[in-house]
Amino acid sequence: MEESKKIIFSGIQPSGELTIGNYLGAIKNWVKLQDEFDCFFCVVDLHAITVRQEPKLLRQRTLELLAIYIAAGIDPEKNTLFIQSHVPAHSEAAWLLNCYTYFGELGRMTQFKDKSKRFGDNIAAGLFDYPVLMAADILLYQADLVPVGVDQKQHLELTRDIAERFNKLYSPTFKVPDGYIPENGAKIMDLQDPSKKMSKSADNANGFILIMDSPDVIRKKISRAVTDSLGAVKFSDEQPGVKNLMSILSTVTGMSYSDIEKKYEGQGYAGFKNDVAEALVEELTPIQNRVNELLKDKAYLETIYKAGAEKANYISQKTLRKMQKKIGFIPLSK
Ligand code: TYM
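An account of the accompanying structure is given in this report. (Residues numbered from 1 in each chain as written. Predicted model: local features only at pLDDT ≥ 70, side-chain atom pairs only at ≥ 80, totals over all residues. Heavy atoms only, no water.)

Some remarks on the overall build of the chain
Stated formally: Here a strand is any run of E in DSSP of at least two residues, a helix any run of H or I of at least four, and the numbering for each starts at the N terminus. For a compact globule the rule gives 2.2 Å times the number of residues to the power 0.38, and the radius of gyration it is set against comes from C-alpha atoms. Exposed residues in this analysis have more than 50% of their type's maximum accessible area, buried residues have under 20%, and partly exposed residues fall in between, with area computed by a 1.4 Å probe over protein chains only. Here, two residues are considered to be in contact whenever any of their heavy atoms come within 4.5 Å of each other. Note on areas: Shrake-Rupley with a 1.4 Å probe; residue coverage comes only from the protein chains shown. When charges are tallied, Lys and Arg are placed among the positive residues and Asp and Glu among the negative ones, while His and the ends of the chain are skipped. Where a charge lies is defined by one atom per residue type: Lys uses NZ, Arg uses CZ, Asp uses CG and Glu uses CD.
Helix and strand counts for the chain come out as 13 helices and five strands. Its C-alpha radius of gyration of 21 Å places the chain within 12% of the 20 Å reference for a compact globule of 334 residues. Buried positions account for 50% of the 334 residues belonging to the chain. Contacts in the chain between residues at least 24 apart in sequence constitute 76% of all its contacts with a sequence separation of at least 6. Counting only carbon and sulfur atoms, one obtains 52% of the accessible surface of the chain, whose full area is about 16,300 Å². Considering the chain, the positive charge centre built from 43 side chains and the negative charge centre built from 43 side chains are found 4 Å apart.

Some details on the site of the ligand
Selection criterion: Nearness is judged by heavy atoms alone; a residue qualifies as near a molecule or strand once a single heavy atom is within 4 Å of it. Within 3.5 Å is the distance limit for a polar contact, defined as a pair of N or O atoms, with the added protein rule that one can donate a hydrogen and the other accept it, and that residues adjacent in sequence qualify only through two side-chain atoms. Think of it as three bins: nonpolar holds Ala, Val, Leu, Ile, Met, Phe, Trp, Tyr, Cys and Pro, charged holds Asp, Glu, Lys and Arg, and polar takes everything else, Gly as well.
Lining the immediate environment of the ligand, one finds 26 residues, of which Gln-13, Tyr-130, Asp-137, Gly-149 and Asp-151 sit closest. Here Ile-188 contributes a backbone N or O atom positioned 2.8 Å from a nitrogen atom of the ligand. Starting from 710 Å² of accessible surface for the ligand in isolation, the protein chains cover 97%. For the shell around the ligand, the secondary structure elements donating two or more residues are strand 1 (7-12), helix 1 (20-33) and helix 7 (125-140). Residues of the shell around the ligand, tallied by class, amount to twelve nonpolar, ten polar and four charged.

Considerations on the state of the cysteines
Put simply, the test is: Two cysteine sulfur atoms form a disulfide, by the criterion used here, when they sit within 2.5 Å.
Throughout the structure, instances matching the rule amount to zero disulfides. Cys-42 provides the cysteine sulfur closest to Cys-39, a residue in no disulfide bond, and the two sulfurs are 13 Å apart. We classify Cys-39 as buried; its relative accessible area is 0%. For Cys-42, a relative accessible area of 0% translates into the label buried.

What to know about helix 6 (residues 110-117)
Worth spelling out the cut-off: To be clear, the arc concerns the directions from the helix axis to the C-beta atoms.
What helix 6 keeps buried is the set Gln-111, Phe-112, Lys-115 and Ser-116. The arc enclosing the buried residues of helix 6, seen along the axis, measures out at 120 degrees, which places them on a common side. In the core, the buried residues of helix 6 are packed alongside helix 5 (103-107), helix 7 and helix 8 (153-169).

Let's talk about the nonpolar core
Rules: Here, nonpolar core means buried Ala, Val, Leu, Ile, Met, Phe, Trp, Tyr and Cys residues that are tied together by side-chain atoms lying within 4.5 Å of each other.
Core analysis: the largest hydrophobic core is formed by 61 residues, its most contacted members being Ile-27, Tyr-69, Ile-222, Ile-248, Phe-272 and Leu-280. With ten residues, the top contributor of residues to this core is helix 12 (residues 270-296). The next biggest cluster of nonpolar side chains, apart from the first, holds 39 residues, and it includes Phe-40, Ala-136, Ile-138 and Leu-139.

As for the pattern of salt bridges
Opposite charge on two side chains allows them to pair when their charged atoms are near. Heads up, the rule is: Criterion for a salt bridge: a side-chain nitrogen of Lys or Arg within 4 Å of a carboxyl oxygen of Asp or Glu.
Under the counting rule described, the total for this entry stands at 15 salt bridges. Ionic pairing is found between Glu-302 and Lys-306, a salt bridge with its closest N-O pair at 3.0 Å. Placement of both Glu-302 and Lys-306 in helix 13 (residues 298-327) is noted, with a separation of four residues, approximately one turn of the helix. A residue is classified by how much of its surface remains accessible, and Glu-302, at 32% relative accessible area, is partly exposed. Connected via shared salt-bridge partners are Asp-216, Arg-219 and Glu-278.

Description of the packing of aromatic side chains
How we decide: The rule is short: rings of Phe, Tyr and Trp, with Trp giving its six-membered ring, pair when the centres are within 6.5 Å, and they are stacked under 30 degrees, edge-to-face over 60, tilted in between. Over a ring means this: the NZ of a Lys or the CZ of an Arg is within 6 Å of the ring centre and within 35 degrees of the ring normal.
Under the defined criterion, the tally for this structure stands at 14 aromatic pairs. Note on Tyr-100 and Tyr-170: the rings are 6.0 Å apart at their centroids and 70 degrees apart in plane angle, and the pair reads as edge-to-face. Of this pair, Tyr-100 sits in the loop between helix 4 (89-98) and helix 5 while Tyr-170 sits in the loop between helix 8 and strand 5 (178-180); the two residues are 70 residues apart in sequence, bridging distant segments of the chain. Seen from their ring centres, Phe-112 and Phe-128 are 5.0 Å apart, and the 75 degrees between their planes marks the pair as edge-to-face. Of the two residues, Phe-112 sits in helix 6 while Phe-128 sits in helix 7, which places them 16 residues apart along the sequence. Assigned by exposure class, Phe-112 and Phe-128 land together as buried. Through a chain of ring-to-ring contacts, the aromatic side chains of Phe-9, Phe-40, Phe-82 and Tyr-141 assemble into a single cluster. Directly above the ring of Phe-235 sits Lys-243, whose terminal nitrogen or CZ lies 5.3 Å from the centroid.

A closer look at the side chain of His-90
Tracing the chain through its elements places His-90 in helix 4. Overall, His-90 belongs to the buried group, its relative accessible area being 0%. Aside from chain neighbours lying at most four places away, what touches His-90 is Phe-9, Leu-46, Phe-82, Gln-84, Leu-133, Ala-136, Asp-137, Leu-140 and Tyr-141.

As for the environment of Phe-40
Tracing the chain through its elements places Phe-40 in strand 2 (residues 38-43). For Phe-40 and Phe-82, which are 42 residues apart along the polypeptide, the C-alpha to C-alpha distance reads 7.8 Å. In contact with Phe-40, other than residues within four places in its own chain, are Ile-7, Ile-8, Phe-9, Ser-10, Thr-80, Phe-82, Tyr-141, Lys-311 and Ile-315.

Comments concerning the pairing of strand 1
What counts is decided by this rule: Strands are labelled as partners when DSSP assigns at least two bridges between them. For a crossover, the right-handed case is the one in which the path from the first strand over the helix to the second runs clockwise, viewed with the strands pointing away from the viewer.
The element strand 1 is extensively covered by neighbouring structure, given that five of its six residues are classed as buried. Sheet topology places strand 1 next to strand 2; six bridges connect them, and they run parallel. What sits directly across from Ile-7, in strand 2, is Asp-38. The parallel pair strand 1 and strand 2, bridged by helix 1, forms a crossover whose chirality is right-handed.

Okay, here's the thing in structure tokens:
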């Protein structure tokens, strides 16, 4: 039975503390998919070093991210949870795929264009090359589906192009993966500037909520969230702040937009905002408690990432060897 399940691959960078954007756009969705698919969820630490990381913090965040996956409900018995740098095939496949990816393609990546603005003359080559590593991650596992938020769509399209190019040049080697973008929560916006994606790197900390923010901080940030002077809870492009809060509430509680509109009809924003905050507190508090417990048990986390690395190494090596053979490298052993 296991063999016939479709494969999912996804990952998150341990490059800072996670926001509810990462949770609602990715992790919460993964939890729903874990029974139906054979899932690989990776802590992508190789991606994180495309910008400078403090070594001690990187170690802490890597473990915390693994703990968040588990605390959010991803069952380590059913899924493969692992740390990217434990599986050398990712770096190696990325090098190979580099030679089948064009400079122009990478230059068109909007995330690169945005991020590189921040670094002036010191843009790491890794930041430019990062989508190729992401393609390697996905293609090594022959993933059918890649559940991500909207911001990763362009990288996925590039992954498909690279896979198709390699398959055409040699012979079918990679499954060409599809993106899986949730209907709700795929793009949570900044609470202070709802024209921008919520991101941990925003200048104003009131713009984002972290998965590990305390209840009081969550309440404060939601109460300060920008709305408008219309005073009506409506899912409309004219009201981007309210629309964003509605999408948070809907993703957390499962309520539809029309139910939310009905519930708050004629009421202004105070009660609505209060309910958004309480829904988030209720959702996140048990996760936070579990994360803190898990982080006290490093030995347990180690058993999870070791088992994950073993399985991931086995599967990724198979694809890597296939790639090497097709390219024309001499195998060291048959
Ligand atoms: P990263 O670490 O920036 O984000 C992790 C996941 O969170 C989603 N996300 C959001 N979703 C909704 N609203 C937001 N405001 C928001 N912010 C982030 C992202 O879409 C993503 O799903 N390159 C990837 C990591 C990666 C990866 C992979 C993903 C590396 N290899 C292979 C899938 C498959 C990244 O930087 O995501």
